Amino acid sequence: MDSDLDRSLRLLEDSISSKGRFLLSTPKNKDLRRKTMESPMTPQTLRKLDDKLGDSSFTIYDKSFSTLIDDNVSITGSIVRASEPWKATVNSLYLEFYETLQMCTNSHDVFDVITDLARCCTDALQVIKSLKSKSSIQYVNEDIWLEKERNTWRLLLVLYQDRLLASKDMEDVQQPYFGDSEKLCIANLFKADPLVRETQLVIDWLEYSAAERDIEALHFSDFSYGWENTFHQLQSAETIVFESSKKIVTEMHPDAPWVEELHLHDLDTEDEKRLCKKIFQEIRCGKLNKAQKVCISSGHAWRAALLEGWRLYHNPNTVPQVEDVEMYDADRDEMGLDSALQPTEGNETRDIWKVISQAYCEKEYLNIYEKASLASFCGHLKSLLRVGENWEDYLWAYLKVLIDIRVESEIRDNISKKYVPLPEEYWDQRLSLNEVFEYLESAPNTKVRKESQLEMHIVQKHLILDDIPRLMEIIGNWIENRTLSTQFLRFAVHLVLFLEQIGQIVKRDVPAKIIESYVLRLAEMDETRLVSFYVSKLGVQKQVEVYASYLERILDDNERREALAFAEDCGLDTHAIAKRVVENIRNRPHEIGALGNLQQKLTDTDLLKISAIDWLLISNSTKLDAIEQTNALIFTFLTMKKLDAAQLAFNKIPQNFLDDILSEGDAVPEINQILREYLSYRTYLDAEEAFNEWYKQFKSKPLPPGEVAENAHFTERVAHEHKEAQFKADTERWNMSTLQLAKTAKGKLYNVLLFPEGGWLSGAKDCEFLRSTCIPEIVMLLYSVLNDSDCGEECLQLADIISSEKYGLYKVFPKTKLKEFLHQLCNTSASLLNKEKDPWGNVTIN
């Protein structure tokens, strides 16, 4: 892949360039960014995606693009809006994904490839956002789609890194000793329970995705006092500029508004709402520390302290600090361990804090975002759903509560400590992952219900549930019943290729259908290089079928060579593909002309079929394949009386092909039959051509000059005598040429009738029709040459050849043709009698 700067420049150029430079620019050599594979992800390590997908990778990108845009004063908002360059930016992903996947050389690259696919989406998003800022457009579909796709690639990465790599570390893991440490108990839970670990990974993923969105700007000073306007009015009401419109509290403590049932200053009330929302937004983005800093800088340190009560208790002095528990029972001094006490961690009365927090979230008078912030850590689902705005927010809320309940259950089941019981409503929130998604699909929030039916959210759902067979089934149904966007097909293809590479796909039918659908879309774009690459991901038979179908539309020889070169680079069977292309084109329906014509006119379809033979010549297929396909095409043309087309097809085969095949030695019967058919067609076409040459010559007999008038002048008589002399010379030359052409035509026509080893075209498939058509035709042509050459005796000898059992020509004569031929022989016999010969041409003696 490119460096960030290189990709920025290229995406910018693609965005604002003309449509003529769409996708098929020749890719330059690129160094794929490869990261050292990290250890399996624990629930908190999704933040490490910053190294691969985070803001640090965007710094150079943003600066370079911004500089390019700002320096080019010709790019205005109206121009950008009119050209919609973000569409070209998204379309560039076809090539980007192809290049990324092509560089995946082994199974160890698979996660790096997913990282790079996500990065491609991120880079395109950066370009689109910059273009949007120049055109004053708030939303474009490409922006929304790319964000969801990028997030899905990240989800795929974190889940399958854990599923495939973390499982290796779970082998031979012994149950640790954690005493009364809640922290160690839950650490063991996350290490031993993959479902809990994956659920936390999804939560981290949702928080990371939320942190990248544009959040409403909430401005706070570096430091201020809490409720400073209320405090100022209490201290010096006579000097305050803006006095509150309502009666305010008389004391300055967190519970004062609710205890005294009075109000804060109007400005503080607004600040309170904004602060509570800001705190929750930071928590929703997984930034608890930042939320607490906002509390402290706003003069509400008590809020920051309130958000500390959830932390798990851990006393390092009561649990072993070494892995071997038996060593803990030995004398610590002998082991050389530090005997100094270490500080405890977390909240020892966390259970009390949790019960109070649950009750706190039930207070109707509290700000909904204030309650949601606390509910994030005490598992109060109703408060979280109340502030949820979309599908991701709802999923985050359900999963946060799901993890909270699972953690609480583990602690209370394994720690020997008496905990304050939680309300039954808390335990009633226990759900499975499947139930979570069922609730999302039937949520009272209309927006959440609609978003749960979005294609990308359905994909994310089944990735989280690890239900790949069902996901493949759903995508297969979408392809059959709906018109999916090409962008989604691009995503789906790379998704199934990844899942297949890691062994998650058993049945190949649906993945093959997805890839084939994507290939058809690429074919519509004439992206030959991409088509050949993705066709190579299909089964062998499908490769030949799909790629051959695509190649049928390519007519230029250079493009044909390029297409076959791409196919060969991708490991496709170019010989089988070229042969299939010829067969597909050859089997297309013909354009039927007027019946009864001796020779049909050539059509565009005919020319296309003849041109298809070039595929076999370009692909360096076996010479025998080229001859075999040409035989089949000539057969078709002859049945349609298209001699010109048959001759053009025959001329496609170089003259040395036959000699080269024969020089290879003895051939099997199948090869011999193909060669016999080829020679049969060559003999027939040569005979037809020889007859046509003779016929043209025969019909071009010089015409004698007219009679000169009796009263013609001397000059006219001299001119007439000159014309007569010229006529005699022309006639003599005509006679010689006609005689020579007649001799040649006779020989080649006889070659058809006297074709050796079974006769002309014998043994060919479905040859009966052609033999019954062409042989009588050749007989009649030969008769015409003999008769017009005044060879009556030889005309009668044709009867002997036809009736001979050696050749068996009479067997292919239809009765009508035989009757016509016998009638012509009768005319010849009558002509011979007029010449004082017997009916067979013998001279009679009076």
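Residues numbered from 1 in each chain as written. Predicted model: local features only at pLDDT ≥ 70, side-chain atom pairs only at ≥ 80, totals over all residues. Heavy atoms only, no water.

A. Here's a closer look at the overall build of the chain. The helix and strand tally for the chain stands at 40 helices and zero strands. The 846 residues of the chain split such that 49% are buried. Contacts spanning at least 24 positions in sequence make up 72% of the contacts within the chain whose residues lie at least 6 apart. Working note: accessible area of the chain is about 43,300 Å², and carbon and sulfur atoms make up 51% of it. (Helix = DSSP H or I, 4+ residues; strand = E, 2+ residues; numbered from the N terminus. Buried < 20%, exposed > 50% of the residue type's maximum accessible area, 1.4 Å probe, protein only. Contact = heavy atoms within 4.5 Å. Areas by Shrake-Rupley, 256 points an atom, 1.4 Å probe, with all protein chains shown as cover.)

B. Structural detail: the packing of aromatic side chains. Under the definition given, this model contains 28 aromatic pairs. With a centroid separation of 4.9 Å and 35 degrees between ring planes, the pair formed by Trp-258 and Tyr-365 is classed as tilted. Of this pair, Trp-258 sits in helix H11 (residues 256-259) while Tyr-365 sits in the loop between helix H17 (350-361) and helix H18 (368-378), placing them 107 residues apart in sequence. For the pair Phe-280 and Trp-396, a centre-to-centre distance of 6.0 Å together with 75 degrees between the ring planes defines the contact as edge-to-face. Note that Phe-280 is positioned in helix H12 (residues 266-284) and Trp-396 in helix H20 (residues 391-414), a separation of 116 residues in sequence. Ring pairs connect the aromatic residues Phe-97, Trp-145, Trp-153, Trp-478, Phe-488 and Phe-491, which therefore count as one cluster. In this structure, Arg-163 packs its charged tip against the face of Tyr-160, placed 4.9 Å from the ring centre. (Phe/Tyr/Trp six-rings, centres within 6.5 Å; stacked < 30°, edge-to-face > 60°. Lys NZ or Arg CZ within 6 Å of the ring centre and 35° of its normal.)

C. Quick peek at the nonpolar core. In terms of nonpolar packing, the biggest core is built from 210 residues, with Trp-153, Tyr-160, Leu-463, Leu-499, Tyr-534, Tyr-547 and Leu-551 touching the most fellow members. Among the elements that line this core, the one with the most residues is H20, at 13 residues. A domain-level breakdown of this core finds at least three residues from each of domain 1 (467-525) and domain 2 (529-591 + 600-645). (Core = buried A, V, L, I, M, F, W, Y, C linked by side-chain atoms within 4.5 Å. Domains from an automatic or database assignment.)

D. Structural context of the environment of Thr-230. On the secondary structure map, Thr-230 appears in helix H10 (residues 228-235). Along the primary structure Thr-230 and Thr-250 are separated by 20 residues, whereas in three dimensions their C-alpha atoms are 9.1 Å apart. Excluding residues that lie within four positions of it along the chain, Thr-230 makes contacts with Ile-248, Val-249, Met-252, Leu-264, His-265 and Asp-268.

E. The environment of Gly-747, seen in detail. Looking at the element boundaries, Gly-747 is found in helix H37 (residues 714-753). Residues Gly-747 and Leu-782 lie 35 residues apart in sequence; the distance between their C-alpha atoms is 9.4 Å.

F. Molecular detail of unusual backbone geometry. In this structure, Asp-466 takes a positive phi of about 60 degrees despite not being glycine. Mapped onto the elements of the fold, Asp-466 is located in the loop between helix H24 (455-465) and helix H25 (468-481). Exposure remark for Asp-466: the relative accessible area of 36% places this residue in the partly exposed category. Even without a glycine there, the phi angle at Asp-526 is positive, about 60 degrees. With respect to the helices and strands, the residue Asp-526 is situated in the loop between helix H27 (509-524) and helix H28 (528-535).

G. Structural detail: H27. Across its 16 residues, H27 extends 23 Å between first and last C-alpha, which sits within 8% of the 22 Å expected from 1.5 Å per residue. Of the positions making up H27, those classed as buried are Val-510, Pro-511, Ala-512, Ile-514, Ile-515, Ser-517, Tyr-518, Val-519, Arg-521, Leu-522 and Ala-523. Positive phi appears at Asp-526, one or two residues downstream of H27, with a value of about 60 degrees. (Expected span 1.5 Å × (residues − 1).)

H. Structural context of a nonpolar patch on the surface. Taken together, the side chains of Phe-231, Leu-234 and Met-252 present a nonpolar region at the surface, about 240 Å² in accessible area. On the secondary structure map, Leu-234 appears in helix H10. (Patch = residues over 30% accessible without salt bridge, like charges linked within 9 Å, V, L, I, M, F, W, Y side chains within 5 Å. Salt bridge = Lys/Arg side-chain N within 4 Å of Asp/Glu carboxyl O.)

I. Main features of a negative patch on the surface. On the surface, Asp-526, Asp-556, Glu-559 and Glu-562 cluster together into a negatively charged patch. The residue Glu-562 is located in helix H30 (residues 557-569) in this model. Relative accessible area serves as the criterion here: at 44%, Glu-562 is assigned to the partly exposed category. (Lys, Arg positive; Asp, Glu negative; His and termini not counted. Charge placed at Lys NZ, Arg CZ, Asp CG, Glu CD.)

J. Fine view of the confidence of the model for the chain. Overall, the prediction assigns the chain a mean pLDDT of 82, with 80% of residues at 70 or greater. When the elements of the chain are averaged for pLDDT, helix H3 (residues 59-71) gives the smallest value, 35, and H24 the largest, 97. In this model, residues 11-83 is a region of pLDDT below 50 whose contacts with residues beyond four sequence positions or in other chains number 152 contacts. (pLDDT = per-residue confidence, 0-100.)

K. How the structure looks around the pattern of salt bridges. Throughout the structure, instances matching the rule amount to 40 salt bridges. One salt bridge connects Glu-473 with Arg-470, and the closest N-O pair in it is separated by 3.0 Å. In this pair, Glu-473 and Arg-470 both sit in helix H25, three residues apart, roughly one turn of the helix. Under the relative-accessibility criterion, Glu-473 is labelled partly exposed at 42%. Judged by relative accessible area, Arg-470 falls into the partly exposed class, the value being 35%.

L. Structural detail: the packing of helix H38 (residues 768-788) against helix H40 (residues 815-834). Where H38 contacts H40, the axes come no closer than 11 Å and their chain directions differ by 10 degrees. In terms of orientation, H38 lies roughly parallel with respect to H40. Contacts between H38 and H40 pair Pro-776, Val-779, Met-780, Tyr-783 and Asn-787 from the former with Lys-817, Glu-820, Phe-821, Gln-824, Leu-825 and Thr-828 from the latter. Classifying every residue of the contact of H38 with H40 gives six nonpolar, three polar and two charged. (Axes fitted to C-alpha atoms, helices over the stretch in contact; angles between N-to-C directions. Parallel < 35°, antiparallel > 145°, perpendicular 65-115°, else oblique. Nonpolar A, V, L, I, M, F, W, Y, C, P; charged D, E, K, R; others polar.)

M. The arrangement of the side chain of Asp-614 in detail. Assignment of secondary structure puts Asp-614 in helix H32 (residues 604-618). Leave out the neighbours within four places in its chain, and Asp-614 touches Asp-557, Arg-560 and Lys-652.

N. The arrangement of the packing of H12 against H20 in detail. Orientation of H12 relative to H20, taken along the N-to-C sense of each, is 75 degrees, at an axis distance of 12 Å. With respect to their mutual orientation, H12 and H20 come out roughly perpendicular. For the pair H12 and H20, contact is made by Phe-280, Ile-283 and Arg-284 and by Glu-392, Asp-393 and Trp-396, respectively. Residues that form the contact of H12 with H20 fall into these classes: three nonpolar, no polar and three charged.

O. Representation of the side chain of Glu-455 within the structure. Inspection of the secondary structure assignment puts Glu-455 in helix H24. Not counting residues up to four positions away in its chain, the partners in contact with Glu-455 are Trp-478, Arg-482, Leu-484 and Phe-488.

P. Up close: the environment of Lys-354. Relative to the elements of secondary structure, Lys-354 occurs in helix H17. Note on Lys-354: relative accessible area 2%, which makes it buried. Taking the C-alpha atoms as reference, Lys-354 lies 5.6 Å from Cys-378; in sequence the two are 24 residues apart. Excluding its chain neighbours within four sequence positions, the residues that come into contact with Lys-354 are Cys-378, Asp-404, Glu-408, Leu-422 and Tyr-426. Within the local environment of Lys-354, its side chain forms a polar contact with the side chain of Asp-404, the two groups lying 2.4 Å apart. (Polar contact = N/O pair within 3.5 Å; in protein donor to acceptor, adjacent residues only side chain to side chain.)

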